[in-house]
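Okay, here's what each chain looks like letter by letter:
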Amino acid sequence: MSNETRVLFCNCTYAQVVPKGTKEGVLKKLCESDVSFDAVADLCEMSARNDPSLKRLTEEGPLKIVACFPRAVKWLFSAGDAPLNRETSQVINMRTDTIDEASAAVFAEGVAPNLPEDNRPPVEGAEPDKEA
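### Remarks on the environment of Asn11
So, point 1. Along the chain, Asn11 turns up in the loop between strand 1 (6-10) and helix 1 (20-32).
So, point 2. As a C-alpha pair, Asn11 and Glu24 span 13 residues in sequence and 8.7 Å in three-dimensional space.
So, point 3. The residues touching Asn11, leaving out its near neighbours within four places in the chain, are Lys23, Val40 and Ala41.

### Notes on the sheet that holds strand 2 (residues 38-40)
So, point 1. Pairing is parallel in the open sheet, where 4 strands are placed in the order 2-1-3-4. Strands with a single pairing partner mark the edges of an open sheet, and in this sheet they are strand 2 and strand 4 (89-93). Within this sheet the neighbouring strands show an average axis-to-axis angle of 20°, counted without direction.
So, point 2. With 5 bridges joining them, strand 3 (residues 63-67) and strand 4 adopt parallel strand pairing. Residue pairing in the sheet places Ala67 in a bridge with Asn93 of strand 4.
So, point 3. Sheet contacts for helix 5 (residues 99-107): strand 1, strand 3 and strand 4; angle to strand 4, the most-contacted strand, approximately 160°.

### Topic: the side chain of Asp42
So, point 1. Inspection of the secondary structure assignment puts Asp42 in the loop between strand 2 and helix 2 (43-48).
So, point 2. It turns out Asp42 is buried and unbridged, and the closest side chain with the opposite charge, Lys23, is 7.5 Å from it.
So, point 3. At 2.9 Å, the side chain of Asp42 and the backbone nitrogen of Tyr14 are in polar contact.
So, point 4. Of note is the side chain of Asp42, whose polar atom sits 3.1 Å from the backbone nitrogen of Glu45.

### What about helix 5?
So, point 1. Listing the buried residues of helix 5 in full gives Ala102, Ser103, Ala105 and Val106. For helix 5, the buried positions fall inside an angular range of 160° around the axis, keeping them on one side.
So, point 2. Check the buried side of helix 5 and you find it contacts strand 1, helix 1, strand 3 and strand 4.

### Some points on the packing of helix 1 against helix 5
So, point 1. Two elements in contact, helix 1 and helix 5, have axes separated by 9 Å at closest approach and are oriented at 35°. Here helix 1 and helix 5 pass one another in a crossing that is right-handed. Only Ile99, Asp100, Ala102, Ser103, Val106 and Phe107 of helix 5 make contact with helix 1, whose side of the interface consists of Gly21, Thr22, Gly25, Val26, Lys29 and Leu30.

### Considering the pairing of strand 1
So, point 1. By the criterion of burial, strand 1 is predominantly enclosed, with 4 of the 5 residues buried.
So, point 2. Relative to strand 3, strand 1 runs parallel, the two sharing 4 bridges. Bridge pairing in strand 3 links Arg6 to Leu63.
So, point 3. Across 3 bridges, strand 1 lies against strand 2 in parallel orientation. Looking across to strand 2, one finds that Leu8 is bridged to Asp38.

About the thresholds
Residues numbered from 1 in each chain as written. Predicted model: local features only at pLDDT ≥ 70, side-chain atom pairs only at ≥ 80, totals over all residues. Heavy atoms only, no water. Helix = DSSP H or I, 4+ residues; strand = E, 2+ residues; numbered from the N terminus. Contact = heavy atoms within 4.5 Å. Pairing = 2+ DSSP bridges. Axes fitted to C-alpha atoms, helices over the stretch in contact; angles between N-to-C directions. Buried < 20%, exposed > 50% of the residue type's maximum accessible area, 1.4 Å probe, protein only. Lys, Arg positive; Asp, Glu negative; His and termini not counted. Salt bridge = Lys/Arg side-chain N within 4 Å of Asp/Glu carboxyl O. Polar contact = N/O pair within 3.5 Å; in protein donor to acceptor, adjacent residues only side chain to side chain. Arc of directions from axis to C-beta. Left-handed = near helix turned anticlockwise from the far one by under 90°.

This is the structure:
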């Protein structure tokens, strides 16, 4: 496992919930930088297909995911049988961040973990915030 922070950019091709201008602006800045990154068409679609790439990404060390809401991304990876490590994962939200805010987070040193606490799927009948 590597300690180098990886960057994963989601183009949100099918769900189209991320503003087009933000996606294009952040992607342009990534392409113009010296930062290595992986770009995927749509994390939702990858999760639905249980794409093995998700698991590979979670096993390769610290990860910044440029996509949408942290909670949504957490559950997409979990549903794709590739739960994210809360201590080494950061989700950069292009639905709410500006191009400059998202880009600054991508290029910042290290990972600023921001996943919600519970990393397990909800259990039917269980009370919220209680152990299942």
